[in-house]
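Observations on the model geometry
This is what each chain is made of:
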Amino acid sequence: MNTVLKRAALAIVASVSISSAAAAAGSAEDAIKYRNRVMDAMAAHYGTLMLLLFDKVEGSQFTQSHADALANASAELSVLFPEYSKDGDTEALPAIWENPDAFAQAVDKAQKTAVDLQAAIAADDRKATLSAAAAVGKSCKGCHETYRAEED
Ligand code: ASC
């Protein structure tokens, strides 16, 4: 096969595997599981950062890594709430899908606070780091109060 044909064949194979992956999306159960996993990951990175930033444990060389992971995970917030995931075993409240603009704003704000924290740590700016960390916590809490059912 010449190179052009080979490239075309590869492109077809790639597009078929991408579309079958897309076709696999759609179960509310999986979407809820994905959401919960990413949320748990963010809580773990944030909780770890608190321990590190307040010198409760050794390992301050890992703060950037957790802040990066938190910022990266926060970018996923925009795909964690597909409409089809509103019904099922979830604490996500209908307000998310009833007020999509307000929810999108809250997501943007959450992402921004996480990126601010990442940048403050990168700049080795203690004051900015602590205030950004507080802003992240406030953003988590604010969203949960409005958009998540209270845990039992
Ligand atoms: C967490 C977590 C939250 C936030 C919030 C911060 O680790 O699970 O919801 O931090 O408690 O105020």
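In this report, we go over the structure that sits alongside the text. (Residues numbered from 1 in each chain as written. Predicted model: local features only at pLDDT ≥ 70, side-chain atom pairs only at ≥ 80, totals over all residues. Heavy atoms only, no water.)

Take the side chain of Arg 35 next. Topologically, Arg 35 is positioned in helix 2 (residues 28–53). Buried within the structure, Arg 35 lacks any salt-bridge partner; Glu 91 is the closest side chain of opposite charge, at an N-O distance of 8.8 Å. A distance of 2.8 Å separates the side chain of Arg 35 from the side chain of Ser 85, its partner in a polar contact. With sequence-adjacent residues up to four places away left out, Arg 35 is seen in contact with Leu 80, Phe 81, Pro 82, Ser 85, Thr 90, Ala 92 and Trp 97. (Helix = DSSP H or I, 4+ residues; strand = E, 2+ residues; numbered from the N terminus. Buried < 20%, exposed > 50% of the residue type's maximum accessible area, 1.4 Å probe, protein only. Lys, Arg positive; Asp, Glu negative; His and termini not counted. Salt bridge = Lys/Arg side-chain N within 4 Å of Asp/Glu carboxyl O. Polar contact = N/O pair within 3.5 Å; in protein donor to acceptor, adjacent residues only side chain to side chain. Contact = heavy atoms within 4.5 Å.)

On to a negative patch on the surface. Residues Glu 29, Asp 30, Asp 89 and Glu 91 make up a contiguous surface patch of negative charge. Here Glu 29 lies in helix 2. Residue classification places Glu 29 among the exposed residues on the basis of a relative accessible area of 61%. (Patch = residues over 30% accessible without salt bridge, like charges linked within 9 Å, V, L, I, M, F, W, Y side chains within 5 Å. Areas by Shrake-Rupley, 256 points an atom, 1.4 Å probe, with all protein chains shown as cover. Charge placed at Lys NZ, Arg CZ, Asp CG, Glu CD.)

Here the focus is the site of the ligand. Around the ligand, the neighbouring residues are Ala 43, Tyr 46, Gly 137, Cys 140, Lys 141 and His 144. His 144 is positioned such that a nitrogen or oxygen atom in its side chain is 3.0 Å from an oxygen atom of the ligand. Protein contacts shield 61% of the accessible area of the ligand, which totals 310 Å² for the unbound molecule. Elements with a minimum of two residues in the shell around the ligand: helix 2 and helix 6 (126–147). Residue contributions to the shell around the ligand peak at four residues, all from helix 6. Broken down by class, the residue content of the shell around the ligand amounts to three nonpolar, two polar and one charged. (Near = heavy atom within 4 Å. Nonpolar A, V, L, I, M, F, W, Y, C, P; charged D, E, K, R; others polar.)

Leu 49, Leu 70, Phe 81, Ile 96, Leu 117 and Tyr 147 are the most contacted members of the largest nonpolar core, which has 28 residues in total. Elements supplying a minimum of two residues to this core: helix 2, helix 3 (63–75), helix 4 (95–98), helix 5 (100–122) and helix 6. Looking at this core, the element that brings in the most residues is helix 5, giving seven residues. Among all residues touching Ile 96, those that are not within four sequence positions of it are Phe 81, Phe 103 and Tyr 147. (Core = buried A, V, L, I, M, F, W, Y, C linked by side-chain atoms within 4.5 Å.)

Positive phi values are uncommon outside glycine, yet Asp 55 reaches one of about 55°. Classification of Asp 55 as exposed rests on a relative accessible area of 59%. Backbone geometry at Asp 124 places phi at a positive 55°, although glycine is not the residue there. Looking at the secondary structure, you find Asp 124 in the loop between helix 5 and helix 6.

Turning our eyes to something else, we now look at the environment of Val 136. Its location among the elements puts Val 136 in helix 6. A relative accessible area of 5% means that Val 136 is categorised as buried. Put simply, Val 136 and Asp 116 are 20 residues apart on the chain and 8.8 Å apart in space, counted from C-alpha to C-alpha. Those residues in contact with Val 136, other than ones at most four positions away along the chain, are Tyr 46, Leu 70, Thr 113, Ala 114 and Leu 117.

This part is about the packing of helix 3 against helix 5. Think of two packed helices as two axes; the pair is described by the angle between the axes and how far apart they sit. The interhelical angle for the contact between helix 3 and helix 5, taken along N-to-C directions, is 160°, at an axis separation of 9 Å. The orientation of helix 3 relative to helix 5 falls into the category roughly antiparallel. The handedness of the crossing between helix 3 and helix 5 comes out as left-handed. Within the contact between the two elements, helix 3 uses Thr 63, Gln 64, Ala 67, Asp 68, Leu 70, Ala 71, Ser 74 and Ala 75 and helix 5 uses Gln 111, Ala 114, Val 115, Leu 117, Gln 118, Ile 121 and Ala 122. Considering only residue class, the contact of helix 3 with helix 5 consists of nine nonpolar, five polar and one charged. (Axes fitted to C-alpha atoms, helices over the stretch in contact; angles between N-to-C directions. Parallel < 35°, antiparallel > 145°, perpendicular 65-115°, else oblique. Left-handed = near helix turned anticlockwise from the far one by under 90°.)

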